[in-house]
Amino acid sequence: MENLLPLFSYMRGYKKTYLIAAILMGLSVGFSLVNPLILQIAVDNSIGDLNVENPIVAGIMELLKIESLSGYLWFFAFLYVVFTALRGFLLYFVGKLSASASEGTVKNLRDRLFNHIQRLPFSYHKNANTGDLIQRATSDMETLKKFLALQLVETGKVALMVLFSVYVMWRLSPRMTISAVSLTPVIFLFAWFFFRKIQSGFEIADEAEAELSTVIQENLSGIRVVKAFGAEGAQIKVFGEKNSEYRDKSYKLLSDLAWYWSISDFLCFSQIGLVLVYGVYLNLSGEITLGVLVAFTSYVTMLVWPIRQMGNIIADFGKALVSVERIQMILLEDEEDYVETGLKPQIAGNVKFEDVAFSYSDDPKRKILDGINFDIKHGEVLAVLGKTGSGKSTLAHLLAGFYQPVKGKILIDGIDLRSIEKTWLRKSVRLVLQEPFLFSGTITENIDIYGKSEQEQIFKAAKTASIDKDIIRFEKGYETYVGEEGVTLSGGQRQRIAIARTIIDKASVLIFDDSLSALDAKTERQVRKELRAENEEASILIITHKISTAMEADKIIVMDGGRIVQQGKHDELAVADGLYKEIWDHQNTFNGNIMTGHRGN
Ligand SMILES: Nc1ncnc2c1ncn2[C@@H]1O[C@H](COP(=O)(O)OP(=O)(O)OP(=O)(O)O)[C@@H](O)[C@H]1O
Ligand SMILES: [Mg+2]
């Protein structure tokens, strides 16, 4: 139950709406309870002409200025219609208000969740299951909304209905009341236990559904791989299995539910039957009037059907609890520390790594980086070369402030990176990720990610990234829509759009994580030349596997196993024994051999 507590904070601004809805609901319940009384008086006083002593009857007779209600059946029919209409009218507002409150509450929660997800650290997103996050932001929200919009109101209605109707019935006939409620505990308990038992069935079916949608989602995002490998058959088989599993579990659930609905139907009608039989007996023995009997048959149906429905509500309540819990689980994750009160220095771009070591938190003993010392003066280009897995991307991520070193310091213009406000830092330190991502949208939108730049600036960035000529060749130019992950673009085009995005406003430190790898040698050289010319003041860190890229840098560091094994300029490194020379020789002979058709060794 305390799991629902966080929910109340999102109801902010809607509590009043809920309260008004509750009051109107109470009134509508009141109106529903009047109708059986109208029936009773109609039967006893208008049809039966019993002239039962009753303040309501007296009031009506005075109103109509008559001595007997006999023959005034039309009046009761009219009253019945009026009250039913009033009730409908109220229910309309209850529905409207509770919909507005639940939509609003869930919107608040959705906003909060999205905000939070944006602010979760890089490390969280690197390991997070996207499908699962989407499920929580959508399907869990829906469950919750349904509960807030319908079930919460329904629960209130049932509670009021039971309370009020028992009171009114008691006033009419205590003995009949006892008979009218005698089976309701059984119906309620049956609903309660059944839905508790079946809860796991709901969960199992939900999970099977989630698994099925994951298969579809994965398949669709990886469909190009599937096609390339001709793996359609295998995928269809996996899907078929999950699909059958979902069918079986859903079927099991629905057939269990069929039991419930049939047995509870039987119980409910038994309760109604009991009231009829006992009522007829009491009527024959003169203890109650026919009108009271009619009223009771009405009341008992008002009681049993909602109580039977309670089981469903309890089940949905359980589901809503699970949803809130799942959403809370994300909300309780620590947000990234943006160092919001940190420094906002003018950053020129002098970078210094001082004895930096780093481990990922999943394996703190394993040093991904160790003893890293180097510096880049502003205006310099540093190339980072090294074996795959040697820690180059990790180093770039540290410089962008995604992770903190476990030992040592990273200084920017002599200031410890940790003390600089994060959003400020990222305006000055820009990183092109190793896997460039394009959003679904136009090329303009992809380059101008903040949506603030002038057209001119966008053109200029595209030119610097040497993608401008490619873009104007598209029919729609900069307004070309790049589909999900930019499938309409080539790998090299995507890399250059990502570069254009990074350099659109002048940053002091630019990091390119293997961002030129998909370009041919000529285009690559051109991009590098433009980049250098346009960002003379910036310090540039280029991670690369190609010596041809590294050789033109002011400085080169060579990494192996998380350590810098060599440092210097191309001319020195090319002749010194070590990893650099090895790679250099290899790439030289490799290129040579491609030309002559010999194999390298
Ligand atoms: N989020 C992470 N959690 C745990 N280990 C990680 C994580 N990211 C990377 N690693 C590990 O850290 C090591 C260095 O990875 P990194 O991505 O920095 O290498 P890299 O030099 O950029 O390689 P490549 O040239 O292939 O891009 C690898 O062994 C990798 O398995
Ligand atoms: Mg990498």
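Residues numbered from 1 in each chain as written. Chains lettered and ligands numbered in written order. Predicted model: local features only at pLDDT ≥ 70, side-chain atom pairs only at ≥ 80, totals over all residues. Heavy atoms only, no water.

1. Some thoughts on the environment of G156
By the secondary structure assignment, G156 is in helix 6 (residues 130-172). Along the sequence, G156 and A22 sit 134 residues apart, while their C-alpha atoms lie 7.5 Å from each other. (Helix = DSSP H or I, 4+ residues; strand = E, 2+ residues; numbered from the N terminus.)

2. Comments concerning the layout of surface pockets
Rolled over the atoms, a probe sized like a water molecule indicates the empty space that remains. What the second largest pocket holds in volume is close to 720 Å³. Elements with a contribution of two residues or more to the lining of the second largest pocket: helix 1 (5-10), helix 2 (15-47), helix 6, helix 8 (184-221) and helix 11 (290-331). By residue class, the composition of the lining of the second largest pocket is 23 nonpolar, four polar and four charged. (1 Å grid on protein atoms, 1.4 Å probe; cavity = no way out; pocket = protein on both sides within 12 Å on 5 of 7 lines; lining within 4 Å. Points joined across faces, edges and corners; volume = space filled by probe spheres on them. Nonpolar A, V, L, I, M, F, W, Y, C, P; charged D, E, K, R; others polar.)

3. Remarks on the pattern of salt bridges
Inspection of every chain in the model, using the stated rule, returns 36 salt bridges. Between D560 and K387 there is a salt bridge, with the nearest N and O atoms lying 4.0 Å from each other. Taken together, the residues span a long stretch of sequence, with D560 in strand 11 (residues 555-560) and K387 in the loop between strand 3 (381-386) and helix 12 (392-399) at a distance of 173 residues. Judged by relative accessible area, K387 falls into the partly exposed class, the value being 44%. (Salt bridge = Lys/Arg side-chain N within 4 Å of Asp/Glu carboxyl O. Buried < 20%, exposed > 50% of the residue type's maximum accessible area, 1.4 Å probe, protein only.)

4. A word on the sheet that holds strand 11
If you trace the six strands from one edge of the open sheet to the other, you get 6-9-10-3-11-12, paired in mixed fashion. The open sheet has two free edges, formed respectively by strand 6 (429-432) and strand 12 (563-568), since each of these has just one partner strand. Neighbour to neighbour, the strand axes of the sheet diverge by 20° on average, direction disregarded. As judged from the four bridges shared by strand 6 and strand 9 (residues 509-513), these two strands associate in the parallel manner. Looking at strand 9, one finds that V429 is bridged to V509. (Pairing = 2+ DSSP bridges. Axes fitted to C-alpha atoms, helices over the stretch in contact; angles between N-to-C directions.)

5. Structural notes on the UniProt feature "transmembrane region" (unreviewed entry) in the protein
Sequence positions flagged by UniProt for "transmembrane region" (unreviewed entry) are, in local numbering, residues 18-43, 72-94, 147-170, 176-195, 257-282 and 288-307. With 100% helix and 0% strand, residues 257-282 has end C-alpha atoms that lie 37 Å from one another. Helix and strand shares over residues 288-307 are 90% and 0% respectively, and the end C-alpha atoms of the span are 26 Å apart. (UniProt positions renumbered as here; feature names shortened; annotations may be inferred.)

6. Quick look at the coordination of the magnesium ion (ligand 2)
At the metal site, the magnesium ion (ligand 2) is ligated by S393 (OG) and Q434 (OE1), and these contacts range over 1.9 to 2.2 Å. Of this pair, S393 sits in helix 12 while Q434 sits in the loop between strand 6 and strand 7 (441-442), placing them 41 residues apart in sequence. (Donors = N, O, S within 2.8 Å, 3.2 Å for Na, K, Ca; no water.)

7. Some remarks on the confidence of the model for the protein
In the predicted model, the protein carries a mean pLDDT of 88, and the fraction of residues at 70 or more is 96%. Confidence over residues 597-601 falls short of pLDDT 50; this stretch has four contacts with residues more than four positions distant or in other chains. (pLDDT = per-residue confidence, 0-100. Contact = heavy atoms within 4.5 Å.)

8. Structural notes on the domain arrangement of the protein
Domain parsing of the protein yields domain 1 (2-331) and domain 2 (351-563). For domain 1 and domain 2, the distance between their C-alpha centres works out to 55 Å. Each side of the interface is counted separately: domain 1 has four residues, and domain 2 has seven residues. Its largest share of buried area at the contact with domain 2, domain 1 owes to F122, K126 and R224, together 78% of the area lost on that side. Between the two partners, domain 1 and domain 2, sit zero residue pairs in polar contact (both at pLDDT 80 or more). The residue makeup of the side of domain 1 that touches domain 2, split by class, is one nonpolar, one polar and two charged. (Domains from an automatic or database assignment. Buried area = accessible area lost by both parts, 1.4 Å probe. Polar contact = N/O pair within 3.5 Å; in protein donor to acceptor, adjacent residues only side chain to side chain.)

9. Comments concerning the site of ligand 1
Inspection of the region around ligand 1 gives 15 residues, with R366, T388, K392, S393 and T394 positioned closest. G389 places a main-chain nitrogen or oxygen 2.8 Å from an oxygen atom of ligand 1. For ligand 1, the protein covers 75% of the area, taking 630 Å² as the surface of the free molecule. With three residues, the single largest contributor to the shell around ligand 1 is helix 12. (Near = heavy atom within 4 Å. Areas by Shrake-Rupley, 256 points an atom, 1.4 Å probe, with all protein chains shown as cover.)

10. Side note on a negative patch on the surface
Negative charge collects at one region of the surface, where E203, D206, E207 and E209 lie side by side. As for its placement among the helices and strands, D206 is situated in helix 8. By relative accessible area, which is 39% here, D206 ends up partly exposed. (Patch = residues over 30% accessible without salt bridge, like charges linked within 9 Å, V, L, I, M, F, W, Y side chains within 5 Å. Lys, Arg positive; Asp, Glu negative; His and termini not counted. Charge placed at Lys NZ, Arg CZ, Asp CG, Glu CD.)

11. A closer look at the environment of I178
Of note, I178 is situated in helix 7 (residues 174-181). A C-alpha to C-alpha distance of 9.4 Å links I178 and V275, two positions 97 residues apart in sequence.

12. Topic: unusual backbone geometry
Positive phi outside glycine occurs at V339, with the angle close to 50°. Considering the arrangement of structural elements, one finds V339 in the loop between helix 11 and strand 1 (351-358). Residue V339 is classed as buried on the basis of its relative accessible area of 18%. Positive phi, close to 50°, is recorded for D413, a residue that is not glycine. Tracing the chain through its elements places D413 in the loop between strand 4 (407-412) and strand 5 (415-416). For D413, a relative accessible area of 25% translates into the label partly exposed.

13. Examining the packing of helix 6 against helix 7
Their axes nearest at 6 Å, the elements helix 6 and helix 7 cross at an angle of 140°. It follows that helix 6 is oblique to helix 7 by the angle criterion. In this structure, helix 6 uses V166, M169, W170 and L172 to contact helix 7, whose residues at the interface are P174, T177, I178, A180 and V181. Here the contact of helix 6 with helix 7 is built from residues that sort into eight nonpolar, one polar and no charged. (Parallel < 35°, antiparallel > 145°, perpendicular 65-115°, else oblique.)

14. Some thoughts on helix 10 (residues 232-284)
For helix 10, built from 53 residues, the straight-helix expectation of 78 Å at 1.5 Å per residue is met to within 8% by its first-to-last C-alpha distance of 76 Å. Summarising the contacts, the buried residues of helix 10 are in contact with helix 7, helix 8 and helix 11. (Expected span 1.5 Å × (residues − 1).)

15. Some words on the sheet that holds strand 2 (residues 369-376)
Spatial ordering of the open sheet is given by 2-1-4-5, a layout of four strands whose pairing is antiparallel. At either margin of the open sheet sits one strand with a lone partner, and together these are strand 2 and strand 5. Packing against the sheet, helix 12 makes contact with strand 1, strand 2 and strand 4, and its axis sits at approximately 120° to strand 1.

16. Let's talk about the side chain of D316
On the secondary structure map, D316 appears in helix 11. Only 2.2 Å separates the side chain of D316 from the side chain of Q151, close enough to count as a polar contact. Not counting residues within four places of it along the chain, the set of residues in contact with D316 comprises K146, F147 and Q151.

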